[in-house]
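# What the coordinates show
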Amino acid sequence: MTRTTGILADKAIRALFTAGRLNSESALDSDQIQPASLDLRLGARAYRVRASFMPGPNHSVADKLERLKLHEVDLSVGAVLETGCVYIVPLLESLDLPADMSASANPKSSTGRLDIFTRVITDRAQEFDKIPAGYNGPLYLEISPRTFPIVVRRGSRLSQIRFRIGHSLLADAELLDLHTRETLVASEAPNVSNGGIALSIDLKGSGPLGLIGYRGKHHTAVIDVDAKAAQDVLDFWEPLYSRGRDELILDPDEFYILVSREAVHVPPLVAAEMTPYDTLVGEFRVHYAGFFDPGFGHAEAGGSGSRAVLEVRSHEVPFILEHGQIVGRLVYEHMLERPEGLYGEGLGSNYQAQGLKLSKHFRPA
C-alpha cells in the first residue's frame, strides 16, 4: 500500500531538484542527500548581527539584516565565527515548495556535538526551523557557537532539512505497535506518551575507568567544521567518570556530551527525531541535533546496538542527573516510501553503531 502522507525519502528529494522545487547556486555534493533529509550548505557571506531575530509575517530576512547587521564576513576562503556571537548566513539552497509540502530543519549531528546553535530562517517566518507548505524563497541559517570558536566556509554543512506531506507522526498506539514488532528502544517496559518514546541516561559508564561523558573546555583553539579527526580530545574536552556514584551534577550553562542507556532503532519505513527540551523531566536541554534517519541502529545496515549521543546543557540552576533517569523522547514519523539507501549503508555515516562518541572532528582516544 502506497502512503499519501509522510517524510520524503532520498529519491523524492532528488526529484525536487529535477522539478525545480529545490534550487542551489552550485551543483549538489555527492553525499548531500541523506536517506530522509538534505544537508544545507553555507553561502559565501556571513553577517554578524546584534541579536537573534524573527522576521515576522511582514518582513524578509534581508530587510531585518539591513537594520541589524554589524559587519560582513567573507566565507569564500574560510573565516572564524566567535563564541557568544550571532551570525546570519544565506544558504546555497532555496525552495519553491508545492502547496501540500512543508519542511523542518535541525542541526546536523556533528554540529550539535560541537555546541553550535543553529536555526534555519525563512522570509516572513514566525517560527525557527519550520518552513510552511508552499514556501517560495531563500533560506538563511542563524549560527551561534556556544563553547568552541569554529572555522566555516562556503559549502560547509551545519544543518539539514526534511520534507513532508500531510500529517506523518505516529500516535501512541501506532508507536507501541511498532515497538512490539521492531524494538525501537532496548527497553522491556517502554515509556510512551504524547507521541514519543522515552530515553534514559547512562551514568554507569564504560571501560575500566567508568567513562560517562565529556564536559566542554573554555578558551580553546578553533575547530574547522570540515576537518575530520584533526583535533586532540583532551585539548577541548574534560572526560567525566562515574566513580561508582551513578549520578552527575550538571553545572548551569556548561556543555556535556552523554549517552542514552538504551540502544535506538529506526526501521527503514520511519524516521525519528529527539525532542530537544522537556520541562516535565527537568530544567535542561538535551539533543540539539534531533534527526535520526531510517536505518539508524538497524541491524541490516550495520547499526545493531547504536545508542543516542546526547548534547546536554542545564538552565539557570544546577541539576542532578541519576542513572536511568528519563532525559528526552523520540518521536517517529512515517516515510512516504523506503529510502534507496539506509543510514550507515555505504553512505559514509559517522555515527552508526555508536556508543559514547564525540563528533568526527576529534581523533579517537
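Residues numbered from 1 in each chain as written. Predicted model: local features only at pLDDT ≥ 70, side-chain atom pairs only at ≥ 80, totals over all residues. Heavy atoms only, no water.

## Re the overall build of the chain
Secondary structure assignment for the chain yields four helices and 26 strands. Relative to the compact-globule value of 21 Å for 365 residues, the chain shows a C-alpha radius of gyration of 20 Å, a close match. Referenced to the eigenvectors of the C-alpha coordinate spread, the extents of the chain come out at roughly 55 × 55 × 35 Å. In the chain, once contacts between residues fewer than 6 apart in sequence are set aside, the share between residues at least 24 apart is 80%. Summed over all atoms, the accessible surface of the chain reaches about 15,300 Å², with 49% contributed by carbon and sulfur. Seen as two clouds, the 38 positive and the 47 negative side-chain charges of the chain have centres 3 Å apart. (Helix = DSSP H or I, 4+ residues; strand = E, 2+ residues; numbered from the N terminus. Rg over C-alpha atoms; globule rule 2.2 N^0.38 Å. Contact = heavy atoms within 4.5 Å. Areas by Shrake-Rupley, 256 points an atom, 1.4 Å probe, with all protein chains shown as cover. Lys, Arg positive; Asp, Glu negative; His and termini not counted. Charge placed at Lys NZ, Arg CZ, Asp CG, Glu CD.)

## Examining the pattern of salt bridges
Within this structure, the stated rule accounts for 23 salt bridges. Between aspartate 29 and arginine 157 there is a salt bridge whose closest N-O contact spans 3.1 Å. In this pair, aspartate 29 sits in the loop between β2 (22-24) and β3 (38-41) while arginine 157 sits in strand β13 (residues 157-165), placing the two residues 128 residues apart along the sequence. With a relative accessible area of 29%, aspartate 29 lands in the partly exposed category. As a salt-bridge pair, aspartate 202 and arginine 307 come within 2.7 Å of each other at their nearest N and O atoms. One end of the pair, aspartate 202, is in the loop between β15 (196-200) and β16 (211-216); the other, arginine 307, is in strand β24 (residues 307-314), with 105 residues separating them in the sequence. Members of the salt-bridge network, linked through shared partners, are Asp29, Asp31, Asp39, Arg41, Glu93, Lys108 and Arg157. (Salt bridge = Lys/Arg side-chain N within 4 Å of Asp/Glu carboxyl O. Buried < 20%, exposed > 50% of the residue type's maximum accessible area, 1.4 Å probe, protein only.)

## What to know about helix α1 (residues 10-18)
For α1, the set of buried residues is Asp10, Ala12, Ile13, Leu16 and Phe17. All buried residues of α1 fall inside an arc of 165° around its axis, so they share one side. Among the residues trailing α1, glycine 20 stands out with phi positive, at a value near 80°. (Arc of directions from axis to C-beta.)

## Considerations on the sheet that holds strand β21 (residues 270-274)
Overall, antiparallel pairing links the five strands, which are arranged β14-β15-β26-β21-β23 in an open sheet. Looking along the sheet, the strands with just one partner apiece sit at the ends: β14 (192-193) and β23 (291-292). Sheet topology note: the β21/strand β26 (residues 326-334) ladder contains five bridges and is antiparallel. Paired with methionine 274 across the two strands is leucine 330, which belongs to β26. (Pairing = 2+ DSSP bridges.)

## A look at the packing of aromatic side chains
Applying the stated criterion across every chain, the model contains eight aromatic pairs. Ring geometry for phenylalanine 236 against phenylalanine 362: centres 5.6 Å apart, planes inclined by 65°, an arrangement best described as edge-to-face. Separated by 126 residues along the polypeptide, phenylalanine 236 in the loop between β17 (223-224) and β18 (237-241) and phenylalanine 362 in the segment after β26 bring together distant segments of the chain. Like phenylalanine 362, phenylalanine 236 is buried. Look at tryptophan 237 and phenylalanine 255: their rings are 6.1 Å apart centre to centre, the planes differ by 40°, and that puts the pair in the tilted class. One end of the pair, tryptophan 237, is in strand β18; the other, phenylalanine 255, is in strand β20 (residues 255-263), with 18 residues separating them in the sequence. Phenylalanine 255 sits in the buried class, given a relative accessible area of 1%. (Phe/Tyr/Trp six-rings, centres within 6.5 Å; stacked < 30°, edge-to-face > 60°.)

## Notes on the sheet that holds β17
Pairing is mixed in the open sheet, where three strands are placed in the order β6-β12-β17. For this open sheet the edge positions go to β6 (79-81) and β17, each flanked by a neighbour on one side alone. Relative to strand β12 (residues 150-152), β6 runs antiparallel, the two sharing three bridges. If you follow alanine 79 over to β12, its bridge partner there is valine 152.

## Re the environment of leucine 234
Along the chain, the position of leucine 234 falls in the loop between β17 and β18. Note on leucine 234: relative accessible area 49%, which makes it partly exposed. Separated by 128 residues in the primary sequence, leucine 234 and phenylalanine 362 have C-alpha atoms spaced 9.5 Å apart. Not counting residues up to four positions away in its chain, the partners in contact with leucine 234 are Lys217 and Pro239.

## Regarding the side chain of aspartate 123
Structurally, aspartate 123 is set in the loop between β9 (116-122) and β10 (130-131). Although aspartate 123 is buried, it forms no salt bridge, and the closest oppositely charged side chain is arginine 124 at an N-O distance of 4.5 Å. Looking at aspartate 123, its side chain comes within polar contact range of the main-chain nitrogen of valine 61, at 2.9 Å. Once residues within four sequence positions are removed from consideration, aspartate 123 is found in contact with His59, Ser60, Val61, Ala62, Tyr135, Pro138 and Tyr140. (Polar contact = N/O pair within 3.5 Å; in protein donor to acceptor, adjacent residues only side chain to side chain.)

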